[in-house]
Amino acid sequence: RDSHPFFSRRLSSILALPSSLARVLSPPPPRVAACYTALSRRRLLIRHLLPPTHPRPPPRMKAVLATGYGLPEDGVLAVGEIEKPALFPGGGQLLVKVFAVSLSPGDVRTIAGHVDWLRKKTFPWVPGGDLAGVVVGVDAAAPGGFQVGDRLVATFEDRPGPRGALAEYHVVNPLRAAKLPPGVSAVDGSALVGSACHALIALRNAGDVTGLRVLVLGGSGGVGTSLIQFLKAAGAGFIAATSTQADLVASLGADVVVDYIATDPFRHQPFLDSPFDVCFDCAGDGSWEACKRSGLVKVASNGGRFIGIGIDDPWLEVHNIFDVLPIVCRIMGRIVFLNLCGRRSVPHYSVKDGWPGPLDVAEVVAAVADGTHRVVLDAAGPFSFTTEGVTSALALVYSRHAHGKVVVRVAEE
């Protein structure tokens, strides 16, 4: 065996092992040691400069979170932290740093779960839709010519789902936005894109109002305050409104203001003696039925028109298809009755048709910028971007006693 080449080589290696270990364990020459030390330091420096191999956590932001369905005072809202939104490449959207958000009854309906069949939520989610802010990110496919640094106002899209504007950052559709002129603050701008645009669309639905007698039910709300100003600018001959804030509504252009608590407008004799050509219903609560019975508005054959800004019941609940059917049937029944036999007995009935687009938003913002339109905010606001502030703001909207728009200031400009 000792003479076999394989065993002889293995034996030589084993016999040489002690000397090999001695060479390995002995300290290297000084020059070699210095080079090794320099190389180790260089590796440490490179490792420190390179980004870590593990992914960094995504940036986060503050937002109002709805943790369940309920009224504002039920404690379902809280300011917390969530992941900051990012632009989806090719999505054509804008990333906006939010300065202010205005609230509407639709926000309260969604938070309360009154329309959970139409707008199902995965909790927690962020409410709010009408905002003003500054662009901090622009997708390459975004239309509208927006650039980073542009101040804008934007409204939510006409689709089911959470809005997400009550947060430090929000992704918006540029087709639902308009640039905000330098002379208009973010708080005022946020109040324009919702109610004021709906008031403008309602006026267009009414057609030419030059010289006509017009009644606005609910004249001191978000829609009513803008609608009265648009009617005045359009040349309406006589504008009457119902509100408990007579001085405010009169300053906007109303010729007569009736306190609906002290006087029933549907039995107010001066109104009945001279029926109105057009009635805009910003209040709901059975106004159409009362108007039809009282003769407050001219019949359709004489040009009388009744335009509902919203639905009859401001706080209706839609939990399934069987809740929707009565609403649809009621509205369709009015239209069918009118076309068949009601033209000589009731006013023409319609519901505001249309959703704010970029041209509507731009027109309203321009009217404010040139001084022909005034932004009306509730005196209690703007509310703070805290759990208590947002809860108080939504509770005021739910009370239906807000005079003007209710706004939450998210950040200073």
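1. Digging into the overall build of the chain
Counting secondary structure elements, the chain contains 13 helices and 15 strands. The buried share of the chain, taken over its 413 residues, is 44%. Within the chain, contacts between residues at least 6 apart in sequence are counted, and of these 74% link residues at least 24 apart. Counting only carbon and sulfur atoms, one obtains 58% of the accessible surface of the chain, whose full area is about 21,100 Å².

2. Quick look at the packing of helix α6 (residues 192–206) against helix α7 (residues 222–234)
Two elements in contact, α6 and α7, have axes whose closest approach is 8 Å; the angle formed by their N-to-C orientations is 45°. Between α6 and α7, the angle falls in the class oblique. Handedness of the crossing formed by α6 with α7: right-handed. Between α6 and α7, the residues in contact are Ser195, Ala196, Ala199, Leu200 and Leu203 and Gly222, Val223, Ser226, Leu227, Phe230, Leu231 and Ala234, respectively. Residues belonging to the contact of α6 with α7 are distributed by class as follows: 9 nonpolar, 3 polar and no charged.

3. Regarding the pattern of salt bridges
According to the stated counting rule, one finds 10 salt bridges in the structure shown. Across the pair Lys232 and Asp255 runs a salt bridge whose closest N-O atoms are separated by 3.8 Å. Linking Lys232 in helix α7 with Asp255 in the loop between α8 (246–252) and β10 (256–258), this pair joins segments that are 23 residues apart in sequence. By relative accessible area, Asp255 is classed as partly exposed at 39%. Several salt bridges share partner residues, and in doing so they unite Arg204, Asp360 and Glu363 into one network.

4. Observations concerning the sheet that holds β10
Taken together, 6 strands build an open sheet; the order of strands is β10-β9-β8-β11-β12-β13 and the sheet is parallel. Of all strands in the sheet, those bounded by a partner on one side alone are β10 and β13 (348–351). Strand after strand, the sheet turns through a mean of 15° between neighbouring axes, direction not considered. One ladder, built from 4 bridges, connects strand β11 (residues 278–281) with strand β12 (residues 305–308); its direction is parallel. Each residue of the ladder has a partner; that of Cys279, found in β12, is Phe306.

5. Examining the pairing of strand β5 (residues 151–154)
Pairing geometry for strand β4 (residues 130–138) and β5, over 4 bridges, is antiparallel. Each residue of the ladder has a partner; that of Leu131, found in β5, is Ala154. Bridging between β5 and strand β7 (residues 177–179) involves 3 bridges; their strand directions are antiparallel. From the neighbouring strand, Val153 faces β7, where its bridge partner is Ala178.

6. Focus on the nonpolar core
Grouped together as the largest cluster of nonpolar side chains are 47 residues, with contacts concentrated most on Val153, Ile228, Leu231 and Phe280. Considering each element in turn, this core owes the most residues, 9 residues, to α6. If we ignore the near neighbours within four places in the chain, the residues touching Leu231 are Leu203, Val209, Val214, Val216, Ala236, Ile239 and Phe280. Formed by 41 residues, the second largest nonpolar core is a distinct cluster that contains Ala63, Val101, Leu103 and Val408.

7. Observations concerning a nonpolar patch on the surface
A cluster of nonpolar side chains, Ile321, Phe322 and Leu325, forms an exposed patch at the surface whose accessible area comes to about 320 Å². With respect to the element layout, Phe322 can be found in helix α11 (residues 321–342). For Phe322, a relative accessible area of 65% translates into the label exposed.

8. What about the packing of helix α4 (residues 105–112) against helix α13 (residues 387–399)?
Relative placement of two packed helices is described by the angle separating their axes and the distance separating the axes. At a minimum axis separation of 9 Å, α4 and α13 run at an interaxial angle of 105°. Classified by the interaxial angle, the pair formed by α4 and α13 is roughly perpendicular. Contacts between α4 and α13 involve Pro105, Asp107, Val108 and Ile111 on the former and, on the latter, Leu394, Val397 and Tyr398. Residue composition of the contact of α4 with α13, grouped by class: 6 nonpolar, no polar and 1 charged.

9. Section: the packing of aromatic side chains
This structure, assessed with the given rule, holds 6 aromatic pairs. By way of ring pairs, the aromatic residues Phe238, Phe271 and Phe276 are connected into one cluster. The cationic tip of Lys84 hangs over the ring face of Tyr169; the distance from NZ or CZ to the ring centre is 4.2 Å. The positively charged end of Arg213 is found above the aromatic ring belonging to Phe276, 4.8 Å away from the centroid.

Conventions we followed
Residues numbered from 1 in each chain as written. Predicted model: local features only at pLDDT ≥ 70, side-chain atom pairs only at ≥ 80, totals over all residues. Heavy atoms only, no water. Helix = DSSP H or I, 4+ residues; strand = E, 2+ residues; numbered from the N terminus. Buried < 20%, exposed > 50% of the residue type's maximum accessible area, 1.4 Å probe, protein only. Contact = heavy atoms within 4.5 Å. Areas by Shrake-Rupley, 256 points an atom, 1.4 Å probe, with all protein chains shown as cover. Axes fitted to C-alpha atoms, helices over the stretch in contact; angles between N-to-C directions. Parallel < 35°, antiparallel > 145°, perpendicular 65-115°, else oblique. Left-handed = near helix turned anticlockwise from the far one by under 90°. Nonpolar A, V, L, I, M, F, W, Y, C, P; charged D, E, K, R; others polar. Salt bridge = Lys/Arg side-chain N within 4 Å of Asp/Glu carboxyl O. Pairing = 2+ DSSP bridges. Core = buried A, V, L, I, M, F, W, Y, C linked by side-chain atoms within 4.5 Å. Patch = residues over 30% accessible without salt bridge, like charges linked within 9 Å, V, L, I, M, F, W, Y side chains within 5 Å. Phe/Tyr/Trp six-rings, centres within 6.5 Å; stacked < 30°, edge-to-face > 60°. Lys NZ or Arg CZ within 6 Å of the ring centre and 35° of its normal.

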